[in-house]
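Listed here are the chains, written in short residue letters.
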Amino acid sequence: MRSCLSLLLAFLLVLPVAAQQLPFPLEVPTDGVSSFSSDIPTHEAVFGHVIGDFHTDPSQTVAYFQAVAAASDRVTFGQYGKSYEGRALVYAIVTSPDNHARLEEIREANLRLSDSPADVSDADLADMPTVVYMGYSVHGNEPSTTEAALMLLYYLAAGQGSMIDAILDNTVMIIDPVMNPDGRDRFVDWVNRNRGTTPVSDPQDREHREAWPGGRTNHYWFDLNRDWMPVQNPESKARIDLFHHWRPQVSTDYHEMGSNATYFFQPGIPSRTNPNTPQRNQELTGAIGDYHARILDRIGALYYTRESFDDFYYGKGSTYPDVNGAIGILFEQASARALLRDTPDGVLDYAYTVRNQFLTSISTAEAVVELRQDLLRHQRDFYAEVPDFVRNSSVKGYLISTERGASRVKELVDALTRHRVRFHRLSRDTQADGMTFRAGEDLIVPLDQPQGRFLKAVMERSTTFTDSLFYDVSTWTLPLAFDLDYAEVTSSTGNLLGDQIMAEDIGMGEMVGGRSQVGYLLKWDRYYAPRALYTLQRMGIKPRLMKDPFTAIIDGEEMMFERGTVLIPAQPRDATGRAPSGMTVFEAVQRVVADDHVNVYSISTGLTPMGPDLGGRRTEVLSMPKMALVVGSGTSAYNAGEVWHLISHRFRMPISIVEASALGGADLSRYTTIIMAGGSYGNVSADAVRGWVRGGGRLVTVSSGTDWAIRNNMLDLDAKTLDLDSLVAGRPYDEINDTYGAQGIGGTIFEAQLDVTHPIAYSMPETMPLFRNSSRLYEASESPGTNVAVYTDDPLLSGYVSEERLPLVAGSAAVIADGVGRGSIVAFTDNPNFRAFWYGTNRLFMNAIFFGSAF
């Protein structure tokens, strides 16, 4: 096979640079690729342009995959989901006609490697093909990736010869050409519309400078390459379903990086590999890398490995496979973005970038053929060794309480069952970590299951690391992110396992009592309570906020209610018993109980045995929020997208997207709440925002949005500083960057103390895990009643922080709420909505939206 590749590469080398688009068909015969079938349509024949001289959009990609599948008995076409904007997520399965005839048999045999590895012998492996997932364009503005997928599809469908036969006979290749079609469409539309007949290599040219937010992200501006583990976006959910439907042995992840770089492929930095990943994984990654090196050496393309990137965060496409018994491989090509790009090495041609991605796709295919049994054996042994892994682990499972956060438990179970994690009802009452877990109500998830390594990786707390630098976050402990009461089980879980359950079995809402002439009490303890409240407000109902604890008689018994309980009057002021929508209040309450899984209690009297009566002065009519999110140049697309997704998609509330540069001239009186989710905001009129707040507006700031408010004298907080220069004094030159880097907080979980009497902390626990991915720290406010959340004296829960930085975190401000004129500011010093899976701190953010006028 290698000699065949050499002949193919020799052909590529004689092409002039301008012809390196590799127009199909390749006409030079080799002993491994003797010809290309004329029955398979080329990209040029279908669309009229050669790959590399135009950017192919997602719809063209889908059409080409369909055309090739229709013409080839080696290819089947499939759709595995849709994006937010309704674009198809598609794939092609490429293998020999004989393998296609028994494809389901091959898939089921492949699943046995992870489901029943003890039943798979080495002799069985000898007859099995490898399953390979080839993933491209998870970042929409890294365009060479999809073009390489198009070339790979044609190459495997049309190629004739021993090399092609070996690949088709020994692999089932799943080619996913566009994992992020919304982002790619946004990018391709930009570059193709802003290009003249003659390409321009000037990086300042409009074609090279995408408008905010760019095409990297999906519709809601999420980085989908960080969502493999959280699975909060439809593209990710569908992709994970496809991944586990097949469970490949190798999964590739094609990307682009800065234009001045060369080419990277894994392994990454060895010291930054997640300790839950077996060493054998890295050895096989290195062995596959030898094939990439050989193919790039043949064309004189420079490359590197082991010098950057890592295999630590399991939410990335190149790392998630590693904890699923597969080999994940990251590829990074220096990006031309447009057709031509000036670099210090000369002009970088788009066709050149496509060529390199295509060639490493071929070398991947060669590697998985020649290493086939090693790869199959690795996956089998990965799962066969789970019992030993469990025996050697001090933790045998996890208990999860549903009492305080059933909706959040439901979301956690939904996310993890997509990764094949099994949950059970607890069979008997159990004590752990000072908590009582209830039989039949709470959950247990045992480590002794095929996904035991994955489960440990997403549930564990880590505070000790072999390296102090991380390409991504250093921790993601899911029970802390969801703010759940949970405990580790350190002995056998066998006698604790009840029935296996799914997400739909958890956290349904409850209506206690029947129709009331007085009203209903909505507890604020469920995650979707804000959505229920907004639904009622949209119907014209005027709920009231209870600011003090009280008791009420429910079904003849006295029941305690916390601050933050919402009173829903049964009789509107016009005494019709109906909301302006025409629905009775009782019917409206029944609807939100069913849709939003909230608990609502019917009351027979407004008199309370303890605490304020329900119509007292310590209650407040809640106004329906009218929100604006500040976006555009100078703002963080990630942070803004997380807010947009939270409000619009998850909580189903309208929110206006307002450009930062237009804020000064906008009619701000239309909004009760403006959200600044992070950024420099250099083009925002501080005077306009300040005047709006003083006039009664509610400003919510997040992360660097809070820095902006401090700089513009809307908040008075003093920064905490660390003398970094003294830490690097005397260090050798080549250690200085790493020494500075080790002082950053790049994704760590800290504990905060909350003032639960403050409206922003209503229905929250007294202490709470908060995520930080920035090093900006502020002293707690000296103004009485403004510190909603302050980091505790011993705050580290999980993740990396330097010993010099940790004392600065202790006692610093986490959430501040202050009155400004007739308005208010709620300031989060970091991001409570990180990557959409921080369900715990989402609740603080939603309190800022709904209760911002209550202090």
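Only a predicted model underlies this, so the values are computations on that prediction, with no experimental measurement involved. (Residues numbered from 1 in each chain as written. Predicted model: local features only at pLDDT ≥ 70, side-chain atom pairs only at ≥ 80, totals over all residues. Heavy atoms only, no water.)

1. Notes on the overall build of the protein chain
The helix and strand inventory of the protein chain stands at 26 helices and 37 strands. Taking 855 residues into account, the globule formula puts the C-alpha radius of gyration at 29 Å, and the protein chain, at 29 Å, falls close to it. The C-alpha extent of the protein chain, read off along each of the three principal axes, is 90 × 65 × 65 Å. The 855 residues of the protein chain split such that 62% are buried. Within the protein chain, contacts between residues at least 6 apart in sequence are counted, and of these 78% link residues at least 24 apart. Total accessible area on the protein chain is roughly 30,400 Å²; 46% of this is exposed by carbon and sulfur atoms. Put simply, the protein chain has 74 plus and 105 minus side-chain charges, and the middle of one group is 6 Å from the middle of the other. (Helix = DSSP H or I, 4+ residues; strand = E, 2+ residues; numbered from the N terminus. Rg over C-alpha atoms; globule rule 2.2 N^0.38 Å. Buried < 20%, exposed > 50% of the residue type's maximum accessible area, 1.4 Å probe, protein only. Contact = heavy atoms within 4.5 Å. Areas by Shrake-Rupley, 256 points an atom, 1.4 Å probe, with all protein chains shown as cover. Lys, Arg positive; Asp, Glu negative; His and termini not counted. Charge placed at Lys NZ, Arg CZ, Asp CG, Glu CD.)

2. As for the environment of Ile506
For Ile506, the location among the structural elements is in the loop between strand S18 (497–501) and strand S19 (510–512). Taking the C-alpha atoms as reference points, Ile506 and Pro609, separated by 103 residues in sequence, lie 32 Å from one another. Discounting residues that sit within four places of it in the chain, Ile506 has contacts with Thr402, Ala406, Val409, Lys410, Val413, Leu443 and Ile501.

3. Looking at a negative patch on the surface
Taken together, the side chains of Asp716, Asp718, Glu779 and Glu782 define an acidic patch exposed on the protein surface. Here Glu779 shows up in the loop between strand S34 (777–778) and strand S35 (787–798). (Patch = residues over 30% accessible without salt bridge, like charges linked within 9 Å, V, L, I, M, F, W, Y side chains within 5 Å. Salt bridge = Lys/Arg side-chain N within 4 Å of Asp/Glu carboxyl O.)

4. Observations concerning the sheet that holds strand S28 (residues 655–659)
Adjacent strands of a sheet pair through backbone hydrogen bonds, lying either parallel or antiparallel. Spatially, the nine strands line up as an open sheet ordered S28-S27-S29-S30-S37-S36-S35-S32-S33, and their pairing is mixed. This sheet does not close on itself; its edge strands, each paired only once, are S28 and strand S33 (767–772). Within this sheet the neighbouring strands show an average axis-to-axis angle of 20°, counted without direction. As paired elements, strand S27 (residues 627–631) and S28 share five bridges and run parallel to each other. Across the sheet, residue Val630 finds its bridge partner in S28, namely Val658. (Pairing = 2+ DSSP bridges. Axes fitted to C-alpha atoms, helices over the stretch in contact; angles between N-to-C directions.)

5. Some words on the pairing of strand S2 (residues 75–82)
Direction of pairing for S2 relative to strand S3 (residues 88–94): antiparallel, over a ladder of seven bridges. Note that in S3 the partner of Gln79 across the bridge is Val90. Between the end of S2 and the start of S3, which pair antiparallel, lie five residues, with Gly86 showing a positive phi angle near 85°.

6. Considerations on unusual backbone geometry
Residue Trp212 is joined to Pro213 through a cis peptide bond whose omega torsion reads 5°. When you line up the elements, Pro213 lands in the loop between helix H9 (181–193) and helix H10 (234–246). Of note, the bond from Gln266 into Pro267 is cis; its omega dihedral lies within 30 degrees of zero at 20°. Checked against the element boundaries, Pro267 lands in the loop between strand S8 (263–265) and helix H11 (279–298). Look at Arg337: it is not a glycine, yet its phi comes out positive at around 55°. Relative to the helices and strands, Arg337 resides in the loop between strand S9 (327–334) and strand S10 (340–343). Here Arg337 falls in the partly exposed class, since its relative accessible area comes to 22%. A positive phi angle is found at Asp555, which is not glycine, with a value near 50°.

7. Looking at the nonpolar core
Within the largest apolar cluster, 142 residues are counted, with the highest numbers of intra-cluster contacts made by Ile400 and Phe845. For this core, the element with the highest residue contribution is helix H26 (residues 839–850), accounting for seven residues. Contacts of Ile400, omitting those with residues within four sequence positions, involve Val409, Leu412, Phe423, Phe437, Asp442, Leu443, Val445, Met459, Leu484, Asp485 and Tyr486. Counting 62 residues, the second largest nonpolar core, distinct from the first, contains Tyr155, Tyr291, Ile295 and Ala334. (Core = buried A, V, L, I, M, F, W, Y, C linked by side-chain atoms within 4.5 Å.)

8. With respect to the pattern of salt bridges
With the rule as written, the count across this model stands at 38 salt bridges. The closest approach of N and O atoms between Arg380 and Asp122, which form a salt bridge, is 2.9 Å. Here the residue Arg380 occupies a position in helix H13 (residues 372–384), and Asp122 occupies one in helix H6 (residues 122–126), the gap between them amounting to 258 residues. Residue classification places Asp122 among the partly exposed residues on the basis of a relative accessible area of 40%. Between Asp223 and Arg216 there is a salt bridge, with the nearest N and O atoms lying 3.3 Å from each other. With relative accessibility at 9%, the residue Asp223 sits in the buried group. Of the residues examined, Arg216 reaches a relative accessible area of 23% and is grouped as partly exposed. One continuous salt-bridge network, built from bridges that share partners, spans Glu142, Arg216, Asp223, Arg226, Asp472 and Arg835.

9. Concerning the packing of aromatic side chains
Counted by the stated rule, this structure contains 46 aromatic pairs. When the ring of Tyr263 is compared with that of Phe331, the centres are 6.5 Å apart and the planes differ by 50°; the resulting orientation is tilted. With Tyr263 in strand S8 and Phe331 in strand S9, this residue pair connects regions lying 68 residues apart in the sequence. Each member of the pair, Tyr263 as well as Phe331, is classed as buried. Considering the side-chain rings of Phe265 and Tyr303, the 5.4 Å spacing of their centres and the 35° angle between planes classify their relative orientation as tilted. (Phe/Tyr/Trp six-rings, centres within 6.5 Å; stacked < 30°, edge-to-face > 60°.)

10. A short note on the packing of helix H7 (residues 144–158) against helix H12 (residues 350–370)
Relative to each other, H7 and H12 sit at 50°, their axes nearing to 8 Å. When the interaxial angle is binned, H7 and H12 end up oblique. Between H7 and H12 lies a crossing of right-handed hand. On H12, the residues that touch Ser144, Thr145, Glu147, Ala148, Met151, Leu152 and Tyr155 of H7 are Tyr350, Thr353, Val354, Gln357, Phe358, Ser361 and Ile362. Looking at the contact of H7 with H12, its residues break down into eight nonpolar, five polar and one charged. (Parallel < 35°, antiparallel > 145°, perpendicular 65-115°, else oblique. Left-handed = near helix turned anticlockwise from the far one by under 90°. Nonpolar A, V, L, I, M, F, W, Y, C, P; charged D, E, K, R; others polar.)

11. Some points on the pairing of strand S37 (residues 823–828)
A regular strand places its side chains so that they alternate between the two faces of the sheet. Within S37, six of the six residues are buried, which leaves the element mostly enclosed by the surrounding structure. Of the two faces of S37, both are covered, the one formed by Gly823, Ile825 and Ala827 as well as the one formed by Ser824, Val826 and Phe828. Bridge count for strand S36 (residues 813–820) against S37 is six bridges, and the pairing is antiparallel. The residue bridging Ala817 from the neighbouring strand is Val826, located in S37. If you look at the hairpin formed by S36 and S37, you'll find two residues sitting between the two strands, and Gly821 has a positive phi there, around 60°.

12. Quick word on the sheet that holds strand S21 (residues 544–546)
Strand order in the open sheet formed by six strands is S19-S25-S20-S24-S21-S26, and the pairing between neighbours is mixed. Pairing within the sheet leaves two strands with one partner each, and these edge strands are S19 and strand S26 (619–621). With strand direction ignored, the average angle separating the axes of adjacent strands in the sheet is 25°. Two elements, S21 and S26, share three bridges in a ladder whose sense is antiparallel. The residue bridging Arg544 from the neighbouring strand is Val621, located in S26. Across the sheet, helix H19 (residues 585–596) lies against S19, strand S20 (519–522), strand S24 (566–569) and strand S25 (599–603), angled at about 145° from S19, the strand it touches most.

13. Some thoughts on helix H5 (residues 103–115)
The terminal C-alpha atoms of H5 lie 18 Å apart, and with 13 residues this matches the ideal 18 Å at 1.5 Å per residue to within 8%. Inspection of H5 places Leu103, Ile106, Arg107, Asn110, Leu111, Leu113 and Ser114 among the buried residues, and these make up the whole buried set. Around the axis of H5, the buried residues are gathered within 135° of arc, so they sit on the same side. (Expected span 1.5 Å × (residues − 1). Arc of directions from axis to C-beta.)

14. As for the confidence of the model for the protein chain
Looking at the protein chain as a whole, its pLDDT mean stands at 93, while 96% of the residues score no less than 70. Note that pLDDT drops below 50 for residues 1–29; the model gives that stretch 62 contacts with residues more than four away or on any other chain. (pLDDT = per-residue confidence, 0-100.)

15. A short note on the side chain of Ser802
As for its placement among the helices and strands, Ser802 is situated in the loop between S35 and helix H25 (806–809). Reaching out from Ser802, the side chain makes a polar contact with the side chain of Gln743 at a distance of 2.6 Å. Residue contacts for Ser802: discarding those within four places in its chain leaves Ala742 and Gln743. (Polar contact = N/O pair within 3.5 Å; in protein donor to acceptor, adjacent residues only side chain to side chain.)

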